Amino acid sequence: MEVKGKIIAVLPERTGTSKAGNPWKAREYVLETLENYPKKIHFDFFGERADQYPLNIGETITLSFDIESREYNGRWYTSIRGWKAEKGDAAMPAGAVPPVPQEPISYPGAGAPAAPQAPASFPASDGTEDLPF
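Residues numbered from 1 in each chain as written. Predicted model: local features only at pLDDT ≥ 70, side-chain atom pairs only at ≥ 80, totals over all residues. Heavy atoms only, no water.

Draft legend 1. Broad picture of the nonpolar core. Residues I7, L31, F43, F45, L55, I61 and L63 are the most contacted members of the largest nonpolar core, which totals 14 residues. At the level of elements, β1 (2-10), β3 (23-33), β4 (40-46), β5 (60-72) and β6 (75-87) are the ones that each hand at least two residues to this core. For I7, the contacting residues outside a window of four places in its chain are Y29, V30, L31, F43, L55, N56, I57, G58, E59 and I61. (Core = buried A, V, L, I, M, F, W, Y, C linked by side-chain atoms within 4.5 Å. Buried < 20%, exposed > 50% of the residue type's maximum accessible area, 1.4 Å probe, protein only. Helix = DSSP H or I, 4+ residues; strand = E, 2+ residues; numbered from the N terminus. Contact = heavy atoms within 4.5 Å.)

Draft legend 2. Broad picture of the packing of aromatic side chains. If you walk through the whole model with that rule in mind, you get five aromatic pairs. Ring plane angle 20 degrees and centroid distance 5.7 Å describe the contact between W24 and F46, whose orientation is recorded as stacked. Residue W24 is found in strand β3, and its partner F46 is found in strand β4; the two are separated by 22 residues along the sequence. Taking the relative accessible area as the measure of exposure, F46 reaches 35% and is therefore partly exposed. Between Y29 and F45 the ring centres are 6.2 Å apart and the planes differ by 70 degrees, which places this aromatic pair in the edge-to-face class. With a gap of 16 residues between them, Y29 in strand β3 and F45 in strand β4 connect regions that are remote in the sequence. We note that Y29, like F45, is buried. An aromatic cluster of at least three residues, connected via ring pairs, comprises Y29, F43, F45 and Y53. (Phe/Tyr/Trp six-rings, centres within 6.5 Å; stacked < 30°, edge-to-face > 60°.)

Draft legend 3. Quick look at the side chain of T62. Along the chain, T62 falls in strand β5. Residue classification places T62 among the buried positions, given a relative accessible area of 10%. Contacts of T62, omitting those with residues within four sequence positions, involve E2, V3, K4, K84, A85 and E86.

Draft legend 4. Region of the structure containing the pairing of β6. Where β5 and β6 come together, twelve bridges link them in antiparallel fashion. Paired with S69 across the two strands is T78, which belongs to β6. Here β5 folds back onto β6, and the loop between the two strands holds two residues, one of which, N73, carries a positive phi near 55 degrees. (Pairing = 2+ DSSP bridges.)

Draft legend 5. Region of interest: unusual backbone geometry. One non-glycine residue, N73, lies in the positive phi region at around 55 degrees. Of the residues examined, N73 reaches a relative accessible area of 64% and is grouped as exposed.

Draft legend 6. Region of the structure containing the pattern of salt bridges. Applying the stated criterion to the full structure yields nine salt bridges. Between D51 and K25 there is a salt bridge; the shortest N-O distance is 2.9 Å. Here D51 is found in helix α1 (residues 49-52), whereas its partner K25 is found in strand β3, with 26 residues between them in sequence. According to the relative accessible area criterion, K25 is partly exposed, its value standing at 23%. For D51, the salt bridge identified is with R27, shortest N-O distance 3.4 Å. Remark: R27 occurs in strand β3 and D51 occurs in helix α1; sequence separation between them is 24 residues. Classification of R27 by relative accessible area gives partly exposed; the value is 22%. Connected via shared salt-bridge partners are E13, K25, R27 and D51. (Salt bridge = Lys/Arg side-chain N within 4 Å of Asp/Glu carboxyl O.)

This is the structure in structure tokens:
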């Protein structure tokens, strides 16, 4: 899966040793999507990817990730594990929202799009309206 957004938080690096005695590390981030109603997504890079993709606050990225859920002591936990981050977007500056198309959209079977209409004109007022407002 992929999502585009801006890094808004860099959390402290976590390290440890597995049950097998192998060292591990994880770097966690919070990304805010570039939508009309932005969502915040907490994700991490684990192992060698933690050093492969260092990110900073304010960077715009496209994150490729996997979602995984697991059960522990009768409760379920979901994590978003990043596996690739592409920095920036050549076509869009950091923090910009994609533009909305302004031309009319035609749908199959709908016929030709309607022609633009001139703005409505109203007669000049002489101040004798009988409206209460």
